[in-house]
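Structure at a glance
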Amino acid sequence: IYGEMIWLGTSRGVFIFDSNDSKILRLEDITTKNFPENFYNVNLICEYNHIIYMNSEIGIIQFDLIEKELKVAFSSVIYSNKIVLSMAVNEKFIFLGTTSGLVKINKNTGFVRDYNFSFLSKINDMLIDRNDLWLGTSVGLVKYKWKRNL
């Protein structure tokens, strides 16, 4: 949910429900995308600083709510096409929870760091709380102090 809009990721793309007009819109119908691929199977959507981040089969797509620009932020190749179960975003990083651990992507440089520790297992949910990243994993709750590992 962002403002009066509910964003829905589906196997057919992204749809937006505008509660003011009671209309459902396709994201691709209200913006111009600057990449040729269709993006389907959108399973995660989150917002940070007026930018909507979406995970799809082609990678991380971002939509700037102010500029109304849609682009591929990062191809799924940079995180080895892993199955992504959760996502959290802050000013500097995109964190991806996968079926085999945590991936941290630097938004400015594109540098990727994989954390494939056995105690992480599947990361089903994430929450950034100041300098801590809380991970809801298949084996329990994990607190990761990401600021210490820059």
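One can find the structure itself at the top, above this paragraph.
Cut-offs used in this document
Residues numbered from 1 in each chain as written. Predicted model: local features only at pLDDT ≥ 70, side-chain atom pairs only at ≥ 80, totals over all residues. Heavy atoms only, no water. Phe/Tyr/Trp six-rings, centres within 6.5 Å; stacked < 30°, edge-to-face > 60°. Buried < 20%, exposed > 50% of the residue type's maximum accessible area, 1.4 Å probe, protein only. Pairing = 2+ DSSP bridges. Helix = DSSP H or I, 4+ residues; strand = E, 2+ residues; numbered from the N terminus. Salt bridge = Lys/Arg side-chain N within 4 Å of Asp/Glu carboxyl O. Polar contact = N/O pair within 3.5 Å; in protein donor to acceptor, adjacent residues only side chain to side chain. Contact = heavy atoms within 4.5 Å.

The next point concerns the packing of aromatic side chains. According to the stated counting rule, one finds six aromatic pairs in the structure shown. Between Tyr 115 and Phe 117 the ring centres are 6.2 Å apart and the planes differ by 45°, which places this aromatic pair in the tilted class. Taking the relative accessible area as the measure of exposure, Phe 117 reaches 44% and is therefore partly exposed. Ring centres of Tyr 115 and Tyr 144 lie 5.5 Å apart, and the angle between their planes is 55°; this geometry places the pair in the tilted category.

Pairing is mixed in the open sheet, where five strands are placed in the order β4-β8-β7-β6-β5. The open sheet terminates on both sides in strands that have one partner only, identified here as β4 (32-33) and β5 (44-48).

Next up on the list: the pairing of strand β9 (residues 84-89). Burial analysis of β9 places five of its six residues in the buried class, the great majority of the element. As defined by bridge partners, β9 adjoins strand β10 (residues 93-98) across five bridges and the pair is classed as antiparallel. Residue pairing for β10: Val 89 is matched across the bridge by Ile 94. Counting the residues in the hairpin turn of β9 and β10 gives three residues.

Turning to the pairing of strand β14 (residues 132-137), a few remarks are in order. As paired strands, strand β13 (residues 123-129) and β14 are joined by six bridges and run antiparallel to one another. Bridge pairing in β14 places Ile 128 opposite Leu 133. Between β13 and β14, which pair antiparallel in sequence order, lie two residues; one of them, Arg 130, sits at a positive phi of approximately 55°. Direction of pairing for β14 relative to strand β15 (residues 140-144): antiparallel, over a ladder of five bridges.

Applying the stated criterion across every chain yields a total of four salt bridges. Arg 26 is the salt-bridge partner of Glu 28, the closest N and O atoms lying 3.0 Å from each other. Relative accessible area serves as the criterion here: at 32%, Arg 26 is assigned to the partly exposed category. Among the charged side chains, a network of salt bridges with common partners joins Asp 132, Lys 143 and Lys 145.

A few words on the side chain of Ser 76. As for its position among the elements, Ser 76 is in the loop between β8 (69-75) and β9. Here the side chain of Ser 76 touches Asn 81 through a polar contact of 2.5 Å, side chain to side chain. Residues contacting Ser 76, with those up to four places away along its chain left out, are Glu 57, Ile 58, Gly 59 and Asn 81.

Of note in this structure, Lys 68 is not a glycine but carries a positive phi near 60°. Structurally, Lys 68 is set in the loop between β7 (59-64) and β8. Residue classification places Lys 68 among the partly exposed residues on the basis of a relative accessible area of 46%. With a phi angle near 60°, Ser 80 is a residue other than glycine that sits in the positive phi range. Among the structural elements, Ser 80 can be located in the loop between β8 and β9.

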